[in-house]
Amino acid sequence: MQWNKTLEEIKIYEAGKPIELVVREFGINPADVVKLASNENPNGCSIKVTEAIAKNAHKASLYPDDSFYELKDLLAKKWQVNDNNIIIGCGSDQVLEFVSRALLDETSCVLMSKVTFAMYEVYAKQMGTKIIRTPSYQHKADEFIEAYHKHKPKIVYICTPNNPTGDGIKKVDVLKIINAVDKETMVVVDGAYMEYAGAKDEAYKITPNDILDYENVIYLGTFSKAYGLGGMRVGYGIANEQVISQLLKMRPPFNITTLSLISAIEALKDEEFVQNSIFTHFTELKRYEEFADKNGLKYIESYTNFITYLFDKHDSTKINDELFKNGVIVRNLASYEMNAIRITVGTDKQNSRLFEMLERLL
Ligand SMILES: *Cc1c(COP(=O)(O)O)cnc(C)c1O
């Protein structure tokens, strides 16, 4: 079989390891597994969501309202935009895919930071597009602008706060990059963790409204992180109407499920849940900073719901594997050429268990 040549360049994306795998491999009781690998909300999701899912379970046989009217209406109110500024995706991942398929081909290139969300590369490579990376793992506006002028990329990806490093980019720097590129380049502002950055420091907060007037910028948001709906797969893109009307051509019908749609709607009606989780998150994050200081570990200042520990004396792969054998799942960043692990900040109890295990290994 002659597969598309573009596939030769693509490595299969390795998602955070599931609890089921540890249970199968090491016979650990599922209740004792601590999963801090996929940046999910450790507090789960709003009770309004779980109640609505239970109440509406019988609707599983029905397709959702494909206009996503109510969800778009709530999002439009939340962000003070119109519903024709919004596209809904099966996770914001799917919106990334739409953008990629709508704009890229073998002659184009895309620009991203040295270490960033892996799916930008995968979707670009599927289109046979070349990947350009800035020299630093941090998003440095000057590096982005220099690389932009040199390569004229079709898409520039700004992931703020950045996954898997956890650092944020100031709004002024994001706008500096946006204002430096011309209208032939699409700028994707991936705000998957923006709720955390915005709560930590206003200077890092970007809202869809900040970019709406540009014809070549799209903001991505998701229900998977702060809203605690990773398993429901709902994300969105917000942009100028011209951008959205093109992307809608890429969308298959019913691209989120009936219960996902209900979940996202209910989640938006309970912003208090999100605010409370963010508040407890920052209390727990502090413990991670203190643990690092106490044990002589370096870390990247976090604007997200995870923290990245940097090692010099230890090997991240060894630490990752030892934690894994003991039922603690974190994310090894060796595949990003960093001797580091990314840890999702969990509940009080989960974090204590991680500290206890990690302290033994150090
Ligand atoms: C988690 C994540 C997404 C998207 O997640 P979905 O579950 O597909 O909405 C997008 N970008 C970054 C940087 C992420 O970490």
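Described in the following lines is the structure provided in the data block. (Residues numbered from 1 in each chain as written. Predicted model: local features only at pLDDT ≥ 70, side-chain atom pairs only at ≥ 80, totals over all residues. Heavy atoms only, no water.)

## A word on the pairing of strand E5 (residues 155-159)
Part 1 of the reasoning: Counting buried residues in E5 gives 5 out of 5 residues, a clear majority hidden from the surface.
Part 2 of the reasoning: Along E5, one buried face is formed by Ile-155, Tyr-157 and Cys-159 and the opposite face, lined by Val-156 and Ile-158, is buried too.
Part 3 of the reasoning: Where strand E3 (residues 109-112) and E5 come together, 2 bridges link them in parallel fashion. Within the sheet, the bridge partner assigned to Val-110 lies in E5 and is Ile-155. (Buried < 20%, exposed > 50% of the residue type's maximum accessible area, 1.4 Å probe, protein only. Helix = DSSP H or I, 4+ residues; strand = E, 2+ residues; numbered from the N terminus. Pairing = 2+ DSSP bridges.)

## Some thoughts on the nonpolar core
Part 1 of the reasoning: Counting residues in each nonpolar core, the largest one holds 58 residues, and the members touching the most others are Leu-71, Leu-75, Ile-86, Ile-88, Val-187, Phe-223 and Tyr-236.
Part 2 of the reasoning: The element best represented in this core is helix H11 (residues 258-268), accounting for 7 residues. (Core = buried A, V, L, I, M, F, W, Y, C linked by side-chain atoms within 4.5 Å.)

## Details of the state of the cysteines
Part 1 of the reasoning: In this structure the tally under the stated criterion is 0 disulfides.
Part 2 of the reasoning: Lacking any disulfide linkage, Cys-45 is separated from the closest cysteine sulfur, that of Cys-90, by 17 Å.
Part 3 of the reasoning: On the accessibility criterion, Cys-45 (21% relative accessible area) is partly exposed.
Part 4 of the reasoning: Note on Cys-109: no disulfide assigned, nearest cysteine sulfur contributed by Cys-159 at a separation of 19 Å. (Disulfide = S-S within 2.5 Å.)

## Let's talk about the packing of helix H3 (residues 69-79) against H11
Part 1 of the reasoning: Axis separation between H3 and H11 bottoms out at 9 Å; the angle between their running directions is 30°. Judged by the angle between their axes, H3 and H11 are roughly parallel. Crossing angle aside, the handedness with which H3 passes H11 is left-handed. On H11, the residues that touch Glu-70, Leu-71, Leu-74, Leu-75 and Lys-78 of H3 are Leu-261, Ala-264, Ile-265 and Leu-268.
Part 2 of the reasoning: In terms of residue class, the contact of H3 with H11 is made up of 7 nonpolar, no polar and 2 charged. (Axes fitted to C-alpha atoms, helices over the stretch in contact; angles between N-to-C directions. Parallel < 35°, antiparallel > 145°, perpendicular 65-115°, else oblique. Left-handed = near helix turned anticlockwise from the far one by under 90°. Contact = heavy atoms within 4.5 Å. Nonpolar A, V, L, I, M, F, W, Y, C, P; charged D, E, K, R; others polar.)

## With respect to the site of the ligand
Part 1 of the reasoning: Close contacts around the ligand come from 13 residues, with Asp-190, Thr-222, Ser-224, Lys-225 and Arg-233 the closest.
Part 2 of the reasoning: Note that an oxygen atom of the ligand is positioned 2.7 Å from one of the backbone N or O atoms of Ser-92.
Part 3 of the reasoning: Thr-222 places a side-chain nitrogen or oxygen 2.6 Å from an oxygen atom of the ligand.
Part 4 of the reasoning: Protein contacts shield 94% of the accessible area of the ligand, which totals 380 Å² for the unbound molecule.
Part 5 of the reasoning: By residue class, the composition of the shell around the ligand is 4 nonpolar, 5 polar and 4 charged. (Near = heavy atom within 4 Å. Polar contact = N/O pair within 3.5 Å; in protein donor to acceptor, adjacent residues only side chain to side chain. Areas by Shrake-Rupley, 256 points an atom, 1.4 Å probe, with all protein chains shown as cover.)

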